[in-house]
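Architecture at a glance
Now for the letters of each chain:
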There are 2 protein chains.
Amino acid sequence: MSAYETLVSNADTVIGGDDLKERLDAGKRLRVKLGVDPTRPDLTFGHMVVFNKLRQFQDRGHQAILLIGDFTTLIGDPSGRSDLRPTLTKEEIAQNASTYLEQAYKILDPEKTEVRHNSEWFGEQGFEDCLLLARKMTVSRMLERDDFSKRYKDNKPISIIEFLYPLVQGQDSVELQADIELGGSDQLFNLLVGRHLQKEAGQEEQICITLPLLVGLDGTKKMSKSQDNFIAFSDSPKEIFGKVMSISDEVMWDYYRLLMLKNPQEIAALKEAHPMKCKKDLAANLVDQFYGEGSGKAELAAFEKVFSQNKIPEDMPTFEWSALGLGDSASCVDTMAATGDLFGSKSEIRRLIKQGAVRADQVKLTDPNAILAKPDAPIILQAGKRKFVKILP
Amino acid sequence: MSAYETLVSNADTVIGGDDLKERLDAGKRLRVKLGVDPTRPDLTFGHMVVFNKLRQFQDRGHQAILLIGDFTTLIGDPSGRSDLRPTLTKEEIAQNASTYLEQAYKILDPEKTEVRHNSEWFGEQGFEDCLLLARKMTVSRMLERDDFSKRYKDNKPISIIEFLYPLVQGQDSVELQADIELGGSDQLFNLLVGRHLQKEAGQEEQICITLPLLVGLDGTKKMSKSQDNFIAFSDSPKEIFGKVMSISDEVMWDYYRLLMLKNPQEIAALKEAHPMKCKKDLAANLVDQFYGEGSGKAELAAFEKVFSQNKIPEDMPTFEWSALGLGDSASCVDTMAATGDLFGSKSEIRRLIKQGAVRADQVKLTDPNAILAKPDAPIILQAGKRKFVKILP
């Protein structure tokens with residue numbers, strides 16, 4: 001793969017690709033900007049996707065610039081949101097920012113990273129500078145943005161400060177004289193504003209590379225701190241391992257591609273193995289990356305030990321709740337009986353419960369009349385050490 | 001008339017009228033704000049309408065605050081405009097502002113006027129303060145404004161800075177703790193933003209009093225510096241007198257009401273006299289107001305002397321060009337003949353021209369074949385010292 005191909009691999013959108021080729025061919029050391037807003041104390045594996053890209057540039061001798069948006073965070077990036085972000089105090093922002101660097105260096109080479117804060121320039125600027133910046137963009141161009149357009153049409157309030165966010169982020173590119181800006185795919189509009197402002201300032205326009213948004217643990221929404229579906233850089237080895245093990249098989253291949261940078265051929269080869277094995281390998285590798293070679297293996301062993309102690313098999317008969325014909329809730333006895341012959345008759349099941357041999361998700365049942373509501377998540381019903389069924393929502 | 005009635009006389013809109021009554025009844029000394037943006041070096045008679053109102057408050061012991069918008073002018077008030085204002089430099093703004101005060105004191109009592117500049121507070125504030133202000137208003141509320149709404153629908157660009165103008169002007173009211181803000185009727189939205197920001201800041205909301213916009217010399221558009229249809233405070237006595245004499249009879253009564261503060265009864269009485277006499281009195285009184293008692297009379301004498309020297313009567317036969325049946329242009333001879341018998345036959349008229357006895361708007365005609373185009377303004381044709389006709393466009 002050429003340097004260009006590597007550097008745009010996994011990209012969602014590349015704006016100015018020809019410029020990138022030219023600058024690479026000219027042997028230019030590129031200034032590559034990645035901005036993070038310290039809205040919460042933790043970086044997540046969602047950040048890892050763009051951090052990996054920045055590291056690729058860094059490994060090829062380009063100048064990685066990690067921009068801590070301590071000033072932008074005062075505004076709150078409205079991208080992709082349906083409401084105004086809550087306000088953080090300067091103290092909260094500073095506290096969050098302080099933990100970011102240590103976390104970022106799990107991916108980036110600290111020796112080769114230029115760390116900047118946008119309070120460096122905006123903290124010095126006056127009220128008037130904000131007005132002059134606001135002069136450089138029109139209302140209609142902002143309202144063309146999908147998220148703003150939708151909110152405007154839905155009569156959901158958009159604060160004027162939200163129109164200023166993209167301008168402030170774009171001005172960062174001018175201040176940093178960025179050659180390239182990286183971001184999630186929801187950042188494309190903001191990154192383009194950077195090009196616009198650089199052009200106005202007589203600079204070369206930055207190349208914009210956006211990366212796909214990593215799906216969160218729920219398997220549907222973007223991984224984000226506000227959705228609480230994330231793996232954090234600061235999670236313990238056990239948390240990382242366990243959370244990775246909880247993702248669906250489908251999402252797993254995205255993680256291989258975006259977090260482990262596996263190419264399609266490598267992924268095709270991996271798919272030859274059992275998905276459970278692949279998931280364990282992924283989980284172990286990611287733990288290794290954050291806690292050092294070998295820590296993943298230790299976590300894997302611990303994980304398997306728990307499961308073997310609990311003697312819960314990886315495969316078992318599985319039923320959808322709705323297929324059992326039980327309505328919105330049912331007694332445990334009726335539920336177990338509805339799965340077939342495995343647990344015996346209802347009176348046998350009742351007796352097993354009285355003996356303390358029945359568990360629902362590892363919790364021993366004591367009341368033979370216990371009621372089970374239609375579950376929201378898979379639930380495992382177990383009698384003794386051999387008989388298991390899984391009920392799906 | 002009660003104090004309240006006097007203070008709201010001539011108002012276009014009063015917001016918070018009950019509050020005004022209450023504060024007056026409580027004997028409060030009210031802080032009355034009037035902002036002017038030094039976009040051009042001259043105050044005009046358009047400003048005089050609101051200055052007169054401020055003077056009424058001043059005369060009743062309230063605190064007049066004249067706010068020179070040296071900072072706001074950096075943005076340019078978008079109210080009622082169909083495009084973005086041109087930018088002024090700080091030097092131009094300072095120069096314009098410097099002449100404003102002297103002019104303002106033609107109406108206001110300098111001893112009792114608190115003069116402020118909004119650079120006092122905004123000049124000290126940071127980039128961040130602008131963001132915090134922008135947080136206090138929504139995009140949709142701005143786009144509800146007629147002028148913005150129209151421009152947005154017509155795909156005419158609105159710069160984001162224009163959304164900040166009303167907020168900046170409103171913040172002035174917070175800084176000044178204004179009880180009342182005065183403005184032209186096109187300022188109502190901006191004045192209401194002041195109320196909004198005062199409420200957010202925990203202050204009592206200002207009462208808003210808007211005054212009608214004075215019609216300019218053209219008789220149709222709002223008097224404004226940018227339309228060049230204005231009388232300036234700094235115009236010479238001759239200019240003021242001449243410009244007032246040029247307005248239509250209809251507009252004259254507006255000037256009596258808004259510049260001379262004549263009430264309906266007084267105006268009804270004035271209408272008993274000949275309109276030309278009323279207009280001369282108006283012109284003379286306005287010259288007096290700016291150049292001292294007696295200067296208007298002197299100007300009137302000078303004006304009448306010119307007209308009597310020229311021996312042009314105030315009344316004369318008047319024709320509309322279209323009624324003469326002459327097409328788009330005609331010879332002077334044909335035109336004069338078309339007005340009837342006054343000037344005699346065409347050959348007589350031709351002879352009069354050769355003798356140098358014919359004038360068109362005071363200019364002697366020498367060519368008997370001179371062509372007259374359909375006039376854009378009234379034109380007076382004259383033969384000798386007795387015979388006059390006026391041709392209307």
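Everything below is about the structure shown above.
Notes on the structure follow. Note that the coordinates shown come from a computational prediction; the quantities given were computed from them, not determined experimentally.

Per the secondary structure count, chain A includes 17 helices and 13 strands. For chain A, the spread of C-alpha atoms along the three principal axes comes to 85 × 50 × 35 Å. Each of the 393 residues in chain A was classed as buried or not, and the buried ones make up 49%. Contacts spanning at least 24 positions in sequence make up 71% of the contacts within chain A whose residues lie at least 6 apart. Working note: accessible area of chain A is about 18,200 Å², and carbon and sulfur atoms make up 48% of it. Distance from the positive charge centre (51 side chains) to the negative charge centre (59 side chains) of chain A: 6 Å.

Applying the stated criterion across every chain, the model contains 21 aromatic pairs over all chains. Judged by centre distance (6.2 Å) and plane angle (75°), the rings of Phe45(B) and Phe233(B) are edge-to-face. On the criterion of sequence distance, the pair formed by Phe45(B) in helix α3 (residues 45-59) and Phe233(B) in the loop between β6 (207-211) and α11 (237-245) is long-range, its members being 188 residues apart. When its relative accessible area of 0% is taken as the criterion, Phe45(B) is described as buried. Among the aromatic residues, ring-to-ring pairing joins Phe45(A), Phe51(A), Phe233(A) and Phe290(A) into one connected group.

Here we come to the interface of chain B and chain A. At the junction of the two partners, chain B supplies 34 residues and chain A supplies 34 residues. For the pair chain B and chain A, the two sides together bury roughly 3,100 Å², of which 73% comes from carbon and sulfur. Counting the surface chain B buries against chain A, the share from its top three residues, Phe127(B), Arg135(B) and Ile160(B), is 29%. Taken together, the connections running from chain B to chain A amount to 2 salt bridges. We note a salt bridge from Lys90(B) to Glu128(A), for which the minimum N-O separation is 3.2 Å.

Residues and elements named next belong to chain B. For helix α8 (residues 146-153), the full list of buried residues reads Asp147, Phe148, Ser149 and Arg151. Considering only its buried residues, α8 is in contact with α7 (139-143) and α9 (160-176). Looking one or two places after α8, you find Asn155, whose phi comes out positive at around 60°.

It is worth spelling out the side chain of Lys280(B) at this point. All names here are of chain B. Of note, Lys280 is situated in helix α14 (residues 275-291). For Lys280, a relative accessible area of 9% gives the class buried. Of note is the side chain of Lys280, whose polar atom sits 2.9 Å from the side chain of Glu304.

Quick look at the sheet that holds strand β12 (residues 379-383) of chain B now. All names here are of chain B. The strand order β7-β13-β12-β9-β10 describes an open sheet built from 5 strands, whose pairing is mixed. On the outer flanks of this sheet lie β7 (318-320) and β10 (363-364), each paired with one strand and no other. Relative to β10, strand β9 (residues 358-360) is paired through 2 bridges, and the arrangement is antiparallel. Paired with Ala360 across the two strands is Val363, which belongs to β10.

Moving on, we come to the relation of the copies chain B and chain A. The second copy of the chain is related to the first by a rotation about an axis and a shift along the axis. Each copy of the sequence occupies a distinct position, and chain B is placed on chain A by a rotation of 178° and an axial shift of 0.5 Å, giving an RMSD of 0.7 Å. Taken together, the rotation and translation relating the two chain copies correspond to the operation of a two-fold axis. Of all interface residues in chain B, 100% are interface residues in chain A too; the two copies therefore contact each other through one and the same surface.

Turning to the sheet that holds strand β10 (residues 363-364) of chain A, a few remarks are in order. The sheet built from 5 strands is open, its strands ordered β7-β13-β12-β9-β10 (chain A) with mixed pairing. Every other strand in the sheet has two partners, leaving β7 (318-320) and β10 of chain A as the edge strands with one partner each.

Moving on to the pairing of strand β13 (residues 387-392) of chain A. Residues and elements named next belong to chain A. Across 3 bridges, the pairing between β7 and β13 is parallel. Among the inter-strand pairings, Glu320 is bridged to a residue of β13, identified as Leu392. In terms of strand pairing, strand β12 (residues 379-383) meets β13 through 5 bridges, oriented antiparallel. Note that in β13 the partner of Gln382 across the bridge is Phe388. Hairpin connection between β12 and β13: a loop of 3 residues separates the two successive antiparallel strands, and Gly384 in this loop has a positive phi of roughly 60°.

Glancing now at a positive patch on the surface. All names here are of chain A. Among the surface-exposed residues, Arg359, Lys364, Lys385 and Arg386 lie close enough to one another that they form a single positively charged patch. If you trace the backbone, Arg359 turns up in strand β9 (residues 358-360). Exposure remark for Arg359: the relative accessible area of 31% places this residue in the partly exposed category.

When you line up the elements, Asn118(B) lands in the loop between β4 (113-117) and α5 (119-122). Those residues in contact with Asn118(B) that lie beyond four places of it in its chain are Leu67(B), Ile68(B), Gly69(B), Asp70(B), Phe71(B), Thr72(B), Gly123(B) and Asp172(B).

Now for the nonpolar core. In this structure, Ile160(A), Phe163(A), Leu167(A), Ile160(B), Phe163(B) and Leu167(B) are the most contacted members of the largest nonpolar core, which totals 64 residues. Ile160(A) has contacts with Ala134(B), Met137(B), Thr138(B), Val139(B), Met142(B), Phe163(B), Leu164(B) and Leu167(B), leaving out every residue within four places of it along the chain. Counting 59 residues, the second-largest nonpolar core is a separate cluster that includes Met48(A), Leu66(A), Val244(A) and Leu282(A).

Residues other than glycine seldom take positive phi values, yet Asn155(A) does so here, at roughly 60°. By the secondary structure assignment, Asn155(A) is in the loop between α8 (146-153) and α9 (160-176).

Residue and element names in this part refer to chain B. Burial within β6 is extensive, with 5 of its 5 residues counted as buried. By the alternation rule, side chains of β6 split into Ile207, Ile209 and Leu211 and Cys208 and Thr210, which are all buried. With 3 bridges connecting them, strand β1 (residues 13-15) and β6 associate as antiparallel partners. In the strand pairing of β6, Ile15 is matched with Cys208. As paired strands, strand β5 (residues 180-184) and β6 are joined by 5 bridges and run parallel to one another. When the sheet's bridge partners are listed, Leu182 is paired in β6 with Ile209. Viewed along the sheet, the connection from β5 through helix α10 (residues 188-200) into β6 turns out right-handed.

Below, the discussion takes up the pattern of salt bridges. Where charged atoms from two side chains of opposite charge come close, those side chains can pair. Applying the stated criterion across every chain, the model contains 44 salt bridges over all chains. Between Asp154(B) and Lys150(B) there is a salt bridge, and its shortest N-O distance comes to 2.9 Å. With its nearest N and O atoms 3.4 Å apart, the salt bridge here joins Lys238(B) to Glu299(B). Of this pair, Lys238(B) sits in helix α11 while Glu299(B) sits in helix α15 (residues 295-309), placing them 61 residues apart in sequence. Residue Glu299(B) is classed as buried on the basis of its relative accessible area, which comes to 12%. What you see here is one network of salt bridges that share partners, running through Arg23(A), Lys28(A), Asp179(A) and Glu204(A).

On to the packing of α9(A) against helix α6 (residues 127-134) of chain B, then. Their axes nearest at 7 Å, the elements α9(A) and α6(B) cross at an angle of 140°. The angle between the axes of α9(A) and α6(B) places the two elements in the oblique class. Of the residues in α6(B), those touching α9(A) at Ile160(A), Ile161(A), Leu164(A) and Val168(A) are Phe127(B), Leu131(B) and Ala134(B). Each residue belonging to the contact of α9(A) with α6(B) can be placed in one class, and the counts come to 7 nonpolar, no polar and no charged.

This brings us to the packing of helix α12 (residues 249-258) of chain A against helix α14 (residues 275-291) of chain A. Residue and element names in this part refer to chain A. Orientation of α12 relative to α14, taken along the N-to-C sense of each, is 40°, at an axis distance of 11 Å. In terms of their interaxial angle, α12 and α14 are classed as oblique. Remark: the crossing between α12 and α14 carries left-handed chirality. Taking contact as the criterion, the partners of Asp249, Met252, Trp253, Tyr255 and Tyr256 in α12 are, on α14, Pro275, Cys278, Lys279, Asp281 and Leu282. Here the contact of α12 with α14 is composed, by residue class, of 7 nonpolar, no polar and 3 charged.

The rules we used
- Residues numbered from 1 in each chain as written.
- Chains lettered and ligands numbered in written order.
- Predicted model: local features only at pLDDT ≥ 70, side-chain atom pairs only at ≥ 80, totals over all residues.
- Heavy atoms only, no water.
- Helix = DSSP H or I, 4+ residues; strand = E, 2+ residues; numbered from the N terminus.
- Buried < 20%, exposed > 50% of the residue type's maximum accessible area, 1.4 Å probe, protein only.
- Contact = heavy atoms within 4.5 Å.
- Areas by Shrake-Rupley, 256 points an atom, 1.4 Å probe, with all protein chains shown as cover.
- Lys, Arg positive; Asp, Glu negative; His and termini not counted.
- Charge placed at Lys NZ, Arg CZ, Asp CG, Glu CD.
- Phe/Tyr/Trp six-rings, centres within 6.5 Å; stacked < 30°, edge-to-face > 60°.
- Buried area = accessible area lost by both parts, 1.4 Å probe.
- Salt bridge = Lys/Arg side-chain N within 4 Å of Asp/Glu carboxyl O.
- Polar contact = N/O pair within 3.5 Å; in protein donor to acceptor, adjacent residues only side chain to side chain.
- Pairing = 2+ DSSP bridges.
- Least-squares fit on C-alpha atoms with pLDDT ≥ 70 in both.
- Patch = residues over 30% accessible without salt bridge, like charges linked within 9 Å, V, L, I, M, F, W, Y side chains within 5 Å.
- Core = buried A, V, L, I, M, F, W, Y, C linked by side-chain atoms within 4.5 Å.
- Right-handed = clockwise from strand over helix to strand, strands pointing away.
- Axes fitted to C-alpha atoms, helices over the stretch in contact; angles between N-to-C directions.
- Parallel < 35°, antiparallel > 145°, perpendicular 65-115°, else oblique.
- Nonpolar A, V, L, I, M, F, W, Y, C, P; charged D, E, K, R; others polar.
- Left-handed = near helix turned anticlockwise from the far one by under 90°.

No statement about biological role is implied by the geometric values presented.
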